[in-house]
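# Descriptive analysis of the structure
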Amino acid sequence: MTDLVAPRPIAWVSSVSDEGRRNLAPFSYYQAVCSRPPMVVFSVAWWPDGRMKDTLANVLATREMVINHVTDAHAEAMNATSAAFPPETSEWDACGIAAESAAVVAPPRVAGALACLECKLVHALPLGGGAPGKPSATLVVAEVVHFAVASELLRRDARGRLLPIDAGQLQSIGRLGGIAYTRTTDRFELLRPEAPGSKASD
C-alpha cells in the first residue's frame with residue numbers, strides 16, 4: 001500500500017508530555033482535509049506489543065502539537081528522529097536539532113523550518129486491530145491554530161491577496177515506498193477544467 005499511495009507528505013510532529021518531556025518524530029500518513037477551519041490529519045501506528053507511541057501519548061495528554069515542514073535540508077535530521085528512542089530521551093537533544101518557541105502552543109518548532117503548523121487536537125480515532133484490545137493505529141485530526149511561514153515564501157498580488165507558494169522555494173520532500181524519498185524538483189501544471197455551463201468553484 002505504501003508503495004502505491006505515494007508520494008506522501010511528511011508531518012514532522014513536535015509534542016510535549018504532560019511532564020514537560022519534548023518529543024519530535026516524523027509521520028508520512030499525513031494530509032490536509034479541511035479549509036474552514038484549517039484541519040490536517042496524521043496517523044500514528046502503535047507498537048506491536050500494544051504500547052502507544054510517545055507522540056500520540058503526548059498529543060492525547062496535552063491536545064497540542066506542531067507539524068514542522070520538512071525540506072531537503074532537514075531530510076537527514078528528520079530521518080534521525082524516526083529511531084525508536086525511549087520515552088525519557090528527547091530526539092531534539094539526541095539528534096542535535098535546534099528548537100524555537102511556538103506562538104500559541106507549548107510544543108516547540110524546529111528552528112529553520114520554512115513552515116510550521118501549530119495545532120490543537122480535535123479528534124483521535126482508533127483504527128484497526130493490533131495487540132489484544134488495542135488499535136493498530138490512531139488517526140489524529142488537528143485544527144491549525146497558527147501558521148508560521150518564512151517571509152520569503154509569501155508573495156502578494158497587486159490587490160494584496162496571497163499568491164500560491166512557489167513549490168521550488170518550499171523545497172518539499174515526500175515519502176515513497178520502502179526507504180525511498182522524492183524531491184519536488186520536477187513539476188508540471190494543469191489548469192482545472194470547467195464543465196460546460198458550470199460556474200468556477202474553489
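Residues numbered from 1 in each chain as written. Predicted model: local features only at pLDDT ≥ 70, side-chain atom pairs only at ≥ 80, totals over all residues. Heavy atoms only, no water.

## Let's talk about the pattern of salt bridges
Under the definition given, this model contains 8 salt bridges. The salt bridge involving Asp 72 is made with Arg 183; its shortest N-O contact spans 2.6 Å. Linking Asp 72 in the loop between strand S5 (64-68) and helix H2 (75-80) with Arg 183 in strand S11 (residues 181-183), this pair joins segments that are 111 residues apart in sequence. For Asp 72, a relative accessible area of 35% corresponds to the partly exposed category. Between Glu 100 and Arg 109 there is a salt bridge, with its nearest N and O atoms 3.3 Å apart. Accessibility expressed as a relative area gives 13% for Arg 109, which makes it buried. Residues joined by salt bridges that share partners form a network here, namely Glu 100, Arg 109 and Glu 118. (Salt bridge = Lys/Arg side-chain N within 4 Å of Asp/Glu carboxyl O. Helix = DSSP H or I, 4+ residues; strand = E, 2+ residues; numbered from the N terminus. Buried < 20%, exposed > 50% of the residue type's maximum accessible area, 1.4 Å probe, protein only.)

## Digging into the pairing of strand S2 (residues 22-27)
Successive residues of a regular strand alternate their side chains across the two faces of the sheet. When you tally the buried positions in S2, you get 5 out of 6 residues, the bulk of the element. As paired elements, strand S1 (residues 11-16) and S2 share 6 bridges and run antiparallel to each other. Paired with Val 13 across the two strands is Ala 25, which belongs to S2. Linking S1 back to S2 in an antiparallel pair, the connection comprises 5 residues, with Gly 20 at a positive phi of about 95 degrees. (Pairing = 2+ DSSP bridges.)

## Points about the environment of Thr 138
Positionally, Thr 138 belongs in strand S9 (residues 137-149). Residue classification places Thr 138 among the buried positions, given a relative accessible area of 5%. A polar contact is formed between the side chain of Thr 138 and the side chain of Trp 46, at a distance of 2.9 Å. (Polar contact = N/O pair within 3.5 Å; in protein donor to acceptor, adjacent residues only side chain to side chain.)

## Considerations on helix H1 (residues 54-62)
Within H1, burial applies to Thr 55, Leu 56, Asn 58 and Val 59. Down the axis, H1 shows its buried residues gathered within 165 degrees of arc, on one side only. Buried residues along H1 sit in contact with S1, S2, strand S4 (38-45), S5, strand S8 (115-127) and S9. Positive backbone phi, approximately 65 degrees, marks Arg 63, located one or two places after H1. (Arc of directions from axis to C-beta. Contact = heavy atoms within 4.5 Å.)

## A look at the state of the cysteines
Applying the stated criterion across every chain, the model contains 0 disulfides. Cys 34 forms no disulfide, and the closest cysteine sulfur to it belongs to Cys 119, at a distance of 13 Å. Cys 34 sits in the partly exposed class, given a relative accessible area of 31%. Cys 95 carries a free sulfur, and the closest cysteine sulfur to it, the one in Cys 116, is 17 Å from it. (Disulfide = S-S within 2.5 Å.)

## Side note on the packing of aromatic side chains
One pass over the full model with this rule turns up 1 aromatic pair. Relative to Phe 42, the ring of Phe 27 has its centre 5.7 Å away and its plane inclined at 35 degrees; by these criteria the two rings are tilted. With Phe 27 in strand S2 and Phe 42 in strand S4, this pair connects stretches of sequence that are 15 residues apart. No difference in accessibility class separates Phe 27 from Phe 42, as the two residues are buried. It is Lys 53 that lies over the ring of Trp 47; its NZ or CZ is 4.7 Å from the centre. (Phe/Tyr/Trp six-rings, centres within 6.5 Å; stacked < 30°, edge-to-face > 60°. Lys NZ or Arg CZ within 6 Å of the ring centre and 35° of its normal.)

## Things to note about a nonpolar patch on the surface
Taken together, the side chains of Phe 147, Val 149, Leu 154, Leu 162 and Ile 165 define a hydrophobic patch exposed on the protein surface, amounting to about 430 Å² of accessible area. Mapped onto the secondary structure, Val 149 falls in strand S9. (Patch = residues over 30% accessible without salt bridge, like charges linked within 9 Å, V, L, I, M, F, W, Y side chains within 5 Å. Areas by Shrake-Rupley, 256 points an atom, 1.4 Å probe, with all protein chains shown as cover.)

## Section: the environment of Met 78
Within the secondary structure, Met 78 is located in helix H2. For Met 78, a relative accessible area of 2% translates into the label buried. When sequence neighbours within four positions are dropped, the list of residues in contact with Met 78 reads Ile 10, Trp 12, Pro 26, Val 70, Ile 173 and Tyr 181.

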